[in-house]
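Architecture at a glance
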Amino acid sequence: VPFISIPLSIFLQTVKTSSMSTAASGAKNMRSAAKWLCRVGEEALKPQRVNEKWRKPRISKRVARVIRKQAIQEGTFGSFDPETGKGWDPKWDAVRQTGTMQLRPPKLPTRQRTREQRATKIEKLMEDVDEKIDAHYDKLKEGRTKERTFENWYKDLSRLVK
């Protein structure tokens, strides 16, 4: 493959324009967000319900975080100037947090969730288990009583031999 030499100045111009385009689009997003903050304030950070349909916020949470961090770095956090679009109002932080879910404990498997109920059920059943066992054995003894004849004795012996 032959080596093509490109003058350094042309190479640097192409590199600058390609990286500048992404930076310019990022700056464009920030300018647009600042414009919306100047126009409608915190409403730009909230989703809007229009004609029974929800529309996403004018300023995404990602862009809002970037603007907030820039305000902290520039020292304009705590106030917002609508003329320049610089700064961040702290009450906007609460607007951004309304959609978050509250933390709650994990659901756990059903066996772990119902452990106490099963334990109380077992304790309740164990209260009169001795009487139940005695009644069961008495019932078995009643069913087993049979006449002690030669025939029954012979049948019992034949069962043992097998």
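In the block above lies the structure referred to throughout.
Presented here is an overview of the structure given in this document. Note that the coordinates shown come from a computational prediction; the quantities given were computed from them, not determined experimentally.

What counts, and at which threshold
As a convention, each chain's residues are numbered from 1 in the sequence order in which they are written. This being a predicted model, a pLDDT of at least 70 is required before a residue's local features are given, and a value of 80 or more before pairs of side-chain atoms are given or counted; all residues contribute to the totals for chains, interfaces and linings. Excluded from the side-chain calculation are hydrogens and water; included are all heavy atoms of the structure. Put simply, DSSP marks the helices as runs of H or I at least four residues long and the strands as runs of E at least two long, and each gets a number from the N terminus on. In this scheme, a helix's expected span is set at 1.5 Å multiplied by one less than its residue total. Partly exposed describes any residue whose relative accessible area lies between the buried limit of under 20% and the exposed limit of over 50%, with all areas from a 1.4 Å probe on protein chains only and scaled to the type maximum. Think of it this way: a Phe, Tyr or Trp ring, Trp meaning its six-membered ring, pairs with another when their centres are within 6.5 Å, and the plane angle makes it stacked under 30 degrees, edge-to-face over 60, tilted otherwise. In this analysis the probe radius is 1.4 Å and the grid spacing 1 Å, with only protein atoms considered; a cavity is a set of points the probe fits into but cannot get out of, a pocket is an open set with protein on both sides within 12 Å along at least five of seven lines, and lining residues have an atom within 4 Å of a point. Grid points are joined across faces, edges and corners, and a volume is the space filled by probe spheres set on the points. Think of it as three bins: nonpolar holds Ala, Val, Leu, Ile, Met, Phe, Trp, Tyr, Cys and Pro, charged holds Asp, Glu, Lys and Arg, and polar takes everything else, Gly as well.

Helix length check: helix α5 (residues 115–126) (12 residues) gives 16 Å between terminal C-alpha atoms against 16 Å at 1.5 Å per residue, within 8%. Taken across its 12 residues, α5 has 0 buried, putting it largely on the surface.

So, on to unusual backbone geometry. Even without being glycine, Asn51 reaches a positive phi, approximately 50°. Mapping Asn51 onto the fold places it in the loop between β1 (48–50) and β2 (53–55). A residue is classified by how much of its surface remains accessible, and Asn51, at 67% relative accessible area, is exposed. Here Leu108, not a glycine, exhibits a phi torsion of approximately 70°, which is positive. Residue Leu108 is classed as partly exposed on the basis of its relative accessible area of 45%.

Let us look at the packing of aromatic side chains. Summed over the entire model, instances satisfying the criterion amount to 4 aromatic pairs. Ring centres of Trp88 and Trp92 lie 5.1 Å apart, and the angle between their planes is 90°; this geometry places the pair in the edge-to-face category. Where Phe150 meets Trp153, the ring centres are 5.7 Å apart and the plane angle is 40°; that geometry is what we call tilted. You can see Phe150 and its partner Trp153 sitting in helix α7 (residues 150–161), 3 residues apart, about one turn around the helix. Phe150 gets classed as exposed once you look at its relative accessible area, which sits at 60%.

Moving on, we get to the layout of surface pockets. Which parts of space are left empty comes out when a probe the size of a water molecule is rolled across the atoms. Of the pockets and cavities examined, the largest pocket occupies roughly 220 Å³. Lining the largest pocket are 12 residues; nearest its centre among them are Met30, Ala34, Gln70, Gly85 and Lys86. Elements supplying a minimum of two residues to the lining of the largest pocket: α1 (8–40), α2 (61–74) and β4 (86–87). Residue composition of the lining of the largest pocket, by class: 5 nonpolar, 4 polar and 3 charged.

Within the secondary structure, Val66 sits in helix α2. The spacing of Val66 and Met30 is 36 residues in sequence and 8.3 Å in space, taken between C-alpha atoms.

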